[in-house]
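Residues per chain, in single letters:
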Amino acid sequence: MSHTAGIRQNQKLRTRQALLDAALGLLEEQSLSSLGLREVTRAAGITPTAFYRHFESVPALGVALVEQTLGSLHGMIGAILAETGDSEVRLDRSMDLMQRHVRAQSAHFRFIAREQHGGVGPVREAIAAQLRLFAEEVAAALATEPESEGWADEDLLMLGGLYVDHMVITASALLDAGPAGDERVARVARRRLRLIALGALHWLDEPAQGA
């Protein structure tokens, strides 16, 4: 790539990020379904026609925000899950990471919490796809544990989904509680994690007579 082409590419990336940042700021006060293209471009300081060099529509910009928010978590959580040792400790570490990430990117996670069941279909689907991928990654990590011997793939995926659902609930609770409530939310979250882990240990137990 030539020096001139590199400058153009960097400028394009900066403009794209400016659009994402502008949209995120506006979404603090409204839903994506009510967000107008001209609002975003005015806040970003570019012309409306320039928007289409980066996104085909406002919903496409919303999908990019989903990928920016949740996509960055995959590598970090994956690295923790790949560690050897006690699985409960690793899940606790994942929760610590989630707590820090929510605080560092609170506007992003408020956007996810609002749009997970919002009115923009492509964004709902993008969030659901990211959460499914998280569940699959957690299930794959759990499958390597001695405690998972004999588990069906379907059941491991269900357990992975429980951990991911717990992550989403905890993120929402952190946002609602504010920084002053972090300790309380984290304490409840860890207790719930341990309850899920204890249930998993007995999943293959024979059911009681008549159950």
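Above this text you will find the structure in question.
The following refers to the structure shown. (Residues numbered from 1 in each chain as written. Predicted model: local features only at pLDDT ≥ 70, side-chain atom pairs only at ≥ 80, totals over all residues. Heavy atoms only, no water.)

Details of the overall build of the protein
Note the following rule: Helical segments are the DSSP runs of H or I of at least four residues, strand segments are the runs of E of at least two, and each set is numbered from the N terminus. Note on definitions: a residue-residue contact is assigned when non-hydrogen atoms from the two residues lie within 4.5 Å. Residue exposure ignores everything except the shown protein chains as possible cover, and the areas themselves are Shrake-Rupley values with a 1.4 Å probe. Here Asp and Glu are counted as negative and Lys and Arg as positive; His is not counted, and neither are the chain ends. Working definition for charges: the position is that of NZ of Lys, CZ of Arg, CG of Asp or CD of Glu.
A count of helical and extended segments in the protein gives nine helices and zero strands. Taken from N to C terminus, the helices and strands of the protein fall in the order α-α-α-α-α-α-α-α-α. Principal-axis analysis of the C-alpha atoms places the extent of the protein at approximately 70 × 40 × 30 Å. Counting contacts in the protein only where the partners sit at least 6 residues apart, residues at least 24 apart contribute 65% of the total. Of the accessible surface of the protein, which amounts to about 11900 Å², a share of 54% is contributed by carbon and sulfur atoms. Taken together, the 21 basic and 27 acidic charged side chains of the protein have centroids lying 13 Å from each other.

Regarding the packing of aromatic side chains
Aromatic rings considered in pairs are described by the distance between their centres and by the relative angle of their planes. The condition is simple: In summary, the pairing rule links any two rings of Phe, Tyr or Trp, Trp by its six-membered ring, whose centres are within 6.5 Å, and it sorts them by plane angle into stacked for under 30 degrees, edge-to-face for over 60 and tilted for everything else. Relative accessible area decides the class of each residue, using a 1.4 Å probe on protein chains only: under 20% of the type maximum gives buried, over 50% gives exposed, and in between gives partly exposed.
According to the stated counting rule, one finds three aromatic pairs in the structure shown. With a centroid separation of 5.6 Å and 85° between ring planes, the pair formed by Phe51 and Tyr52 is classed as edge-to-face. Residue class for Tyr52 comes out exposed when judged on its relative accessible area of 51%. On the basis of an interplanar angle of 45° and a centroid distance of 5.8 Å, the ring pair of Phe51 and Phe55 is categorised as tilted. We classify Phe51 as buried; its relative accessible area is 0%. An aromatic cluster is present here, built from Phe51, Tyr52 and Phe55 joined pairwise through their rings.

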